[in-house]
Each structure stands twice: as structure tokens, then as C-alpha cells.
Amino acid sequence: MTDPETALRRAIIDQCRAMNANGLNQGTSGNISVRLQGRMLITPSATPYDAMTPEMIAAMPLEGAYGAWEGPLKPSTEWRFHLDILKSRPEVNAIVHTHATYCTALAIARKEIPAAHYMIAAFGGATIRCSDYATYGTAALSETALRALDGRMGCLLANHGMIALGESLDKAMWRAVELETLAKQYYLTLAIGGPVLLSDAQIAETAAGFSSYGLQEAQTEDSSASVKPPSVKPPSAKPPSAKPKKRAAKRT
Ligand SMILES: [Zn+2]
């Protein structure tokens, strides 16, 4: 195991502990994966984060035998959608999945998140979709999650939770915090008569602003999220209808 890989494994564990500390996740229900040199590093199944060590992170090849894994512990039961997302979305290098309370409440009500706040533009469009329901850990869940994530960097999973994507681990976790914040804001607005929604043009303008100035400035000025903002341009710089551009996968 090379030193950069050990550092990445440690970073995964650190982010697992952080998402429990900041209320984004409960227990061991969440899981995190990162792309590294043709493999996926993913948290092991049902392992308390406080007891997790770098060696326990499972490694799965992105090509070759589907579902093969290395490590002392089985990969997360949700390895299928992690693997399928990394295989089909070359711009994505990290995935955070949690049962964050407000995201999950909306997902139970089968409500997508509309353009109630401009930060939704950081997810590549004017909505955060909610997938169809499928049993956890199944290929069916992976398929419906991929559909809900088409052209987006986050989605809700019906009666289950949420998925946030990133070009790096930091950016995936940053989006996970933003997604739960959007869900909470929308939920609260529903209690006072419902939101006044932003138009597609207003979301596109926000996305263009993110492109020009970077999300870092937008975050610093207007957001109270505690997770470090990304330092490079987000995919949301594209118009909401744009498909993700294919490009070579980058190492995180
Ligand atoms: Zn789950």
C-alpha cells in the first residue's frame, strides 16, 4: 500500500467520523467511496467509524470481475451503486451516501427538491431528483439511482436517503452538507406555505456565476456550511440541461 493510498484511506475514515459528528449521518448507515487508479476504495460493511482503520477500507476493481474485492472486511452493502456510478461517470471521483434526516424525510414523501435556493445550481440543474424505490444493496437500486443522478451531482433515494457526488472526496462531502441543507430549507418552507421557486434562467445565471468566480467565493459569502469548499470549478457551471462531458478520469 503506497503512502498516498494510506492517506486517502485515512481521509475516508476522517470524513466518516465528520459526517456523524455534524449530524449528516447516524451510526454506520452511511458509506463513502473514492476512485483511485482503476479501483474503488470503499468503507467496509457495518463497521463503526471509531474502530475503522485504513487497512479495513475495501478495494474493488472498476473493470474486470464485477463485485470482486480485496480487504479484511466485506465492502459496504451499497457497493453496487458506488461502483456503477464511478464506472459510468468519469468526472466523479468520490461518492458520499447517508441517511441524512431531512433528505430522507423528503425521500420518504417522494418529493424532489425544487429550485427553492440558488445553491441547487451546485448540483448541475434546477432540481434534486428523487429515485424510485428499490431494496438496499440491489442492482435495481443502482439503476434507479443512476437515472436520478443523470446530469446531476446529487439525488434522493426513495424511502432511503441521499447520494452526493464530487470531483474529489472534499467536494463530495461539501455537496453532501449542502444537499442536506437544501432539504432542510425546503422542508421548513413547506411548513409556511411553500417556496417561491427560482426560474431556470436564474439557476443558469447562478451556475454561470459559479463558473466565473468559483464556488469558493459563493460559499464564503453566502453559506454557513462547515465543510471546506471546493477550489476548482464545479460541473454546475454548465447549463442545467447539459450532459456531463466525458473526459479521462482523474486521480483524487
Ligand atoms: Zn443507505
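Higher on the page you've got the structure.
Notes on the structure in this doc start here.

Rules used in this analysis
Residues numbered from 1 in each chain as written. Predicted model: local features only at pLDDT ≥ 70, side-chain atom pairs only at ≥ 80, totals over all residues. Helix = DSSP H or I, 4+ residues; strand = E, 2+ residues; numbered from the N terminus. Buried ≥ 20, exposed ≤ 12 C-beta atoms within 10 Å, placed from the backbone. Contact = placed C-beta atoms within 7 Å. Pairing = 2+ DSSP bridges. Axes fitted to C-alpha atoms, helices over the stretch in contact; angles between N-to-C directions. Parallel < 35°, antiparallel > 145°, perpendicular 65-115°, else oblique. Left-handed = near helix turned anticlockwise from the far one by under 90°. Core = buried A, V, L, I, M, F, W, Y, C linked by C-beta atoms within 7 Å. Nonpolar A, V, L, I, M, F, W, Y, C, P; charged D, E, K, R; others polar.

Overview of the overall build of the chain
- When helices and strands are tallied, the chain shows 7 helices and 6 strands.
- When the helices and strands of the chain are listed from N to C terminus, the series reads α-β-β-β-α-β-α-α-β-β-α-α-α.
- Looking at the 252 residues of the chain, the share that counts as buried comes to 45%.
- Contacts in the chain between residues at least 24 apart in sequence constitute 67% of all its contacts with a sequence separation of at least 6.

Digging into the pairing of strand 4 (residues 94-98)
- Counting buried residues in strand 4 gives 5 out of 5 residues, a clear majority hidden from the surface.
- Going residue by residue along strand 4, you find Ala94, Val96 and Thr98 tucked away on one face and Ile95 and His97 tucked away on the opposite face as well.
- With 5 bridges connecting them, strand 4 and strand 6 (residues 161-166) associate as antiparallel partners. Across the sheet, Thr98 pairs through a bridge with Met162, a residue of strand 6.

Considerations on helix 4 (residues 139-148)
- By the burial criterion, the buried members of helix 4 are Leu141, Ser142, Thr144, Ala145 and Ala148.
- Buried residues in helix 4 make contact with helix 2 (79-88), strand 5 (154-157) and strand 6.

Concerning the sheet that holds strand 5
- The 6 strands lie next to each other as 3-2-1-4-6-5, forming an open sheet whose pairing is antiparallel. Looking at strand neighbours, the two that pair on one side only are strand 3 (58-61) and strand 5, the edges of this open sheet. Neighbour to neighbour, the strand axes of the sheet diverge by 20 degrees on average, direction disregarded.
- Where helix 2 meets the sheet, its contacts fall on strand 1 (31-36), strand 2 (39-42), strand 3, strand 4 and strand 6, and the angle it forms with strand 2 comes to roughly 145 degrees.

Comments concerning the packing of helix 3 (residues 101-108) against helix 5 (residues 169-190)
- At a minimum axis distance of 7 Å, the contact between helix 3 and helix 5 shows a crossing angle of 60 degrees. Relative to helix 5, helix 3 is oriented oblique. The two elements helix 3 and helix 5 meet at a crossing, and its hand is left-handed. From helix 3, Tyr102, Cys103, Ala105 and Leu106 reach across to helix 5, where they touch Leu179, Glu180, Ala183, Lys184, Tyr186 and Tyr187.

As for the environment of Glu55
- Along the chain, the position of Glu55 falls in the loop between strand 2 and strand 3.
- Sequence-wise, Glu55 and Arg10 are 45 residues apart; in three dimensions their C-alpha atoms are separated by 9.3 Å.

Some points on the pairing of strand 1
- The element strand 1 is largely enclosed, with a buried count of 5 among its 6 residues.
- Bridging between strand 1 and strand 2 involves 4 bridges; their strand directions are antiparallel. Within strand 2, the residue paired with Arg35 across the bridge is Met40.
- In this antiparallel pair of consecutive strands, strand 1 and strand 2, the connection spans 2 residues, and Gln37 shows a positive phi of 50 degrees.

Regarding the nonpolar core
- Counting 67 residues, the largest nonpolar core has Ile12, Ile120 and Met162 as the members making the most contacts within it.
- Top element by residues in this core is helix 5. It accounts for 10 residues.
- Setting aside anything within four residues of it in sequence, one finds Met162 in contact with Thr98, Ala100, Cys103, Ala107, Gly154, Cys155, Leu156, Leu157 and Leu179.

A few points about the environment of Gly194
- Here Gly194 lies in the loop between helix 5 and helix 6 (200-213).
- The class for Gly194 is exposed, based on 11 C-beta atoms found within 10 Å.
- Distance from Gly194 to Ala116, taken between C-alpha atoms, is 9.2 Å for residues 78 residues apart in sequence.

Side note on the environment of Ala176
- Relative to the helices and strands, Ala176 resides in helix 5.
- Not counting the four nearest positions on each side in its chain, Ala176 is found in contact with Met19, Leu24, Val96, Thr98 and Ala164.

A look at the packing of helix 1 (residues 3-21) against helix 5
- Where helix 1 meets helix 5, the closest approach of the two axes is 11 Å, and the angle between their N-to-C directions is 10 degrees. Between helix 1 and helix 5, the interaxial angle falls into the category roughly parallel. On the side of helix 1, the interface is formed by Ala11, Ile12, Gln15 and Met19, while helix 5 contributes Leu169, Met173 and Ala176.
- Residues that form the contact of helix 1 with helix 5 fall into these classes: 6 nonpolar, 1 polar and no charged.

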